[in-house]
Amino acid sequence: MGDLSPAQQLAQVVVRGLEEGKTIEIDGLGIFYPDPVCGFRFEPRTLPQVFIAYVKEDEGKAQMLYDALEAAGFSPWMDVRKLLPGQIWPRAIDTAIETSDFFVPCFSSNSVSKWGGFQAEIRYALDCARRVPLEEIFIVPLRLDACRVPRPIQRELQYVDLFPDPSAGLRQLVATMHRELKRRRRAAWRTP
């Protein structure tokens, strides 16, 4: 594979997987399905992607959030569900944040003072948010419990509480993202 371009290498991986009867998903692009007639069928990504940032101690709540967002018509992204064996995870996570429509950091008493990947993901999402038009919502902070949201987030962004009524919190989160998507479509339609 040394003489092949990255695009040619990717094409070979996709073709090999399809020949083995596997479904191949490329984050931010879409899904290739094996097709006995045409060889493959491609479905572009059409659902809005939501990156879920969390700490390991909150994985169960993050998994429930993933399922709820998927049921609400979103394409959630979570490391334990999307990273592949052997994948370079820091780059995959950065790419998933960059290509997401929304970034949902899950704040909790477990996460607010913990060092590591969660904090790095938030910092990277804040950098990405600087490139988004000011009127667009990109980061939607979510509190899993009665923790204190870090000051830099609290000063600039309204958050959603997933407690004491998780259903109400989820409805608010989903409604916010649907409203923002509708606003973006209207703005894109008006732009010449």
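Here is what the cut-offs are and how they apply
- Residues numbered from 1 in each chain as written.
- Predicted model: local features only at pLDDT ≥ 70, side-chain atom pairs only at ≥ 80, totals over all residues.
- Heavy atoms only, no water.
- Helix = DSSP H or I, 4+ residues; strand = E, 2+ residues; numbered from the N terminus.
- Expected span 1.5 Å × (residues − 1).
- Buried < 20%, exposed > 50% of the residue type's maximum accessible area, 1.4 Å probe, protein only.
- Arc of directions from axis to C-beta.
- Contact = heavy atoms within 4.5 Å.
- Pairing = 2+ DSSP bridges.
- Axes fitted to C-alpha atoms, helices over the stretch in contact; angles between N-to-C directions.
- Patch = residues over 30% accessible without salt bridge, like charges linked within 9 Å, V, L, I, M, F, W, Y side chains within 5 Å.
- Areas by Shrake-Rupley, 256 points an atom, 1.4 Å probe, with all protein chains shown as cover.
- Salt bridge = Lys/Arg side-chain N within 4 Å of Asp/Glu carboxyl O.
- Lys, Arg positive; Asp, Glu negative; His and termini not counted.
- Charge placed at Lys NZ, Arg CZ, Asp CG, Glu CD.
- Disulfide = S-S within 2.5 Å.

Student: Give a detailed account of helix α1 (residues 6-19), specifying residues and quantitative values.
Tutor: If you check α1, its first and last C-alpha atoms are 20 Å apart, about what 14 residues at 1.5 Å a residue would give, namely 20 Å. For α1, every residue scored as buried is listed here: V14, G17 and L18. Seen from one end, α1 has its buried residues packed into an arc of 100 degrees, which puts them on one side. Tucked inside the fold, the buried residues of α1 contact β1 (24-26), β2 (30-35) and β3 (39-44). Phi for G21, located one or two positions after α1, is positive at around 80 degrees.

Student: Let's hear about the sheet that holds β3: which residues, and what values?
Tutor: Taken in spatial order, the three strands line up as β1-β2-β3 in an open sheet, and their pairing is antiparallel. Every interior strand has two partners, whereas the edge strands, β1 and β3, have only one. Taken pair by pair, the neighbouring strands of this sheet meet at an average axis angle of 20 degrees, ignoring direction. As judged from the six bridges shared by β2 and β3, these two strands associate in the antiparallel manner.

Student: Talk me through a positive patch on the surface; I want residue IDs and the actual numbers.
Tutor: Judged by side-chain charge, K182, R185, R186 and R190 come together as a positively charged surface patch. With respect to the helices and strands, R190 occurs in helix α7 (residues 166-190). The class of R190 is exposed, set by a relative accessible area of 59%.

Student: Now, about the pattern of salt bridges: what can you tell me, with residues and values included?
Tutor: Evaluation of the coordinates by the stated rule reveals 11 salt bridges. Close ionic contact of E20 with K22 constitutes a salt bridge, the shortest N to O distance being 2.9 Å. Between D161 and R143 there is a salt bridge, and its shortest N-O distance comes to 2.6 Å. Remark: R143 occurs in strand β7 (residues 142-143) and D161 occurs in strand β8 (residues 160-161); sequence separation between them is 18 residues.

Student: If you had to explain the state of the cysteines to someone new, which residues and values would you point to?
Tutor: By the definition in use, this model includes zero disulfides. C106 supplies the cysteine sulfur nearest to C147, a cysteine that is in no disulfide, at a spacing of 10 Å.

Student: Kindly report on the pairing of β2, identifying the contributing residues and their values.
Tutor: In this structure, β1 lies alongside β2, joined through three bridges in antiparallel fashion. The partner of I26 across the bridge, within β2, is G30. Once β2 ends, the chain turns through three residues before running back antiparallel as β3.

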